[in-house]
Amino acid sequence: TQLLEQSPQFLSIQEGENLTVYCNSSSVFSSLQWYRQEPGEGPVLLVTVVTGGEVKKLKRLTFQFGDARKDSSLHITAAQTGDTGLYLCAGEDSNSGYALNFGKGTSLLVTP
Amino acid sequence: GAGVSQTPSNKVTEKGKYVELRCDPISGHTALYWYRQSLGQGPEFLIYFQGTGAADDSGLPNDRFFAVRPEGSVSTLKIQRTERGDSAVYLCASSFGGGHEQYFGPGTRLTVT
């Protein structure tokens, strides 16, 4: 199993602040996906990054895939209370077909 | 359109009992996945179906776990002789095919007492 480590594990910030969360591995992934999960719900796909060095933007969220395709980051600008949730990164396991390997996630709390 | 649905949303059972968890994928999605998420953890892969067949069941923890998808649509995850360690949220996801983006259902929270 290709392990993904996410940091920080927990993050509490005030509305309007910027933040970055990280997803790191010693393995190369063909693609990485970022999901957000709220309590009692399944993960919701935010973005997929495929090419090394790729940067994708989704409103105030910026996702980057490392050049070597082993790591990724998610940057949120001017966080809002609606950004609160568990952010999960996942990579396709090259040894197991299309199964996704997930990190443990970063639990983000944005307070007013 | 309708997303992935899972029933029941919650299931409480006694140790040693048998349980079935159901997943209805998005219409037209040929690939279906089961994952298990324990408290404080990310989802853990269990099994992947392409059509009716289990293309990859390497994530099933032991032979008490079994899943079927007889008509290539709805899938049932079956757990025999449940143990307290089986308590978790069981998530189902579907996609247009292997390698395409996966869409998750809300999960079934299983509690074994």
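In what follows, the accompanying structure is described. Throughout this description, residue numbers start from 1 for each chain and increase along the sequence as written. Each chain gets a letter, beginning with A, and each ligand a number, beginning with 1, in the order they are written. Totals for whole chains, interfaces and linings use all residues, but because this is a predicted model, local features are given only for residues with pLDDT of at least 70 and pairs of side-chain atoms are given and counted only at 80 or more. Side-chain measures were taken over the full set of non-hydrogen atoms in the model, leaving aside hydrogen atoms and water.

### Describing the layout of surface pockets
Leftover empty space is mapped by rolling, across the atoms, a probe with the size of a water molecule. We place a 1 Å grid over just the protein atoms. Points where a 1.4 Å probe fits but has no way out form a cavity, open points with protein on both sides within 12 Å along at least 5 of 7 lines form a pocket, and any residue with an atom within 4 Å of a point lines it. Grid points are joined across faces, edges and corners, and a volume is the space filled by probe spheres set on the points. Volume-wise, the largest pocket comes out at about 620 Å³. Contributing to the lining of the largest pocket are 29 residues, with Gln37(A), Leu86(A), Gln37(B), Leu39(B) and Arg109(B) lying nearest its centre. The way it works is that DSSP assigns letters per residue, a run of H or I at least four long becomes a helix, a run of E at least two long becomes a strand, and they are numbered from the N terminus. For the lining of the largest pocket, the elements supplying multiple residues, two or more each, are strand 9 (85-92) and strand 11 (106-111) of chain A together with strand 9 (88-95) and strand 11 (108-112) of chain B.

### Quick look at the state of the cysteines
Count a disulfide wherever a pair of cysteine sulfur atoms falls within 2.5 Å. Across all of its chains, the model carries two disulfides over all chains by this definition. In this model, Cys23(A) is linked to Cys89(A) through a disulfide, with the two sulfur atoms separated by 2.0 Å. Measuring the twist about the S-S bond at about 75 degrees, one finds the Cys23(A)-Cys89(A) disulfide to be right-handed. Pair noted here: Cys23(A) is in strand 3 (residues 19-24) and Cys89(A) is in strand 9, with a separation of 66 residues, a long-range link. Exposure class is identical for Cys23(A) and Cys89(A). Each is buried. Each disulfide pairs two cysteine sulfurs, and for Cys23(B) the partner residue is Cys92(B), the sulfurs being separated by 1.9 Å. Judged by the sign of its S-S torsion, about -65 degrees, the bond between Cys23(B) and Cys92(B) is left-handed. With a 1.4 Å probe rolled over the protein chains alone, any residue whose accessible area is under 20% of its type maximum counts as buried; one over 50% counts as exposed, and the rest are partly exposed.

### Digging into the nonpolar core
For the purposes of this section, nonpolar cores are sets of buried Ala, Val, Leu, Ile, Met, Phe, Trp, Tyr and Cys residues that join through side-chain atoms within 4.5 Å. In this structure, Leu19(A), Leu32(A), Trp34(A), Leu74(A), Ile76(A) and Leu108(A) are the most contacted members of the largest nonpolar core, which totals 20 residues. Elements represented by at least two residues in this core include exactly strand 3, strand 4 (32-37), strand 5 (44-49), strand 7 (61-65), strand 8 (71-76), strand 9 and strand 11 of chain A. It only takes one pair of heavy atoms within 4.5 Å for two residues to be counted as in contact. Other than its neighbours up to four places away in sequence, Leu32(A) contacts Leu4(A), Cys23(A), Val47(A), Thr48(A), Val49(A), Phe65(A), Asp71(A), Ser72(A), Ala90(A) and Gly91(A). The next biggest cluster of nonpolar side chains, apart from the first, holds 19 residues, and it includes Val4(B), Phe49(B), Tyr90(B) and Cys92(B).

### A short note on the interface of chain A and chain B
If you look at the interface, chain A gives 18 residues, while chain B gives 19 residues. What gets called buried area is simply the loss in accessible area from a 1.4 Å probe that two parts show on being joined, summed for both. Both faces considered, chain A and chain B share a buried interface measuring about 1,500 Å² in area, 54% of it formed by carbon and sulfur atoms. Broken down residue by residue, the surface that chain A buries against chain B is led by Tyr98(A), Phe102(A) and Lys104(A), which jointly contribute 33%. Throughout this description, the term salt bridge denotes a Lys or Arg side-chain nitrogen within 4 Å of a carboxyl oxygen of Asp or Glu. There are zero salt bridges connecting chain A and chain B. Listing elements by their share of the side of chain A that touches chain B, those giving two or more residues are strand 4, strand 5, strand 9 and strand 10 (100-102) of chain A.

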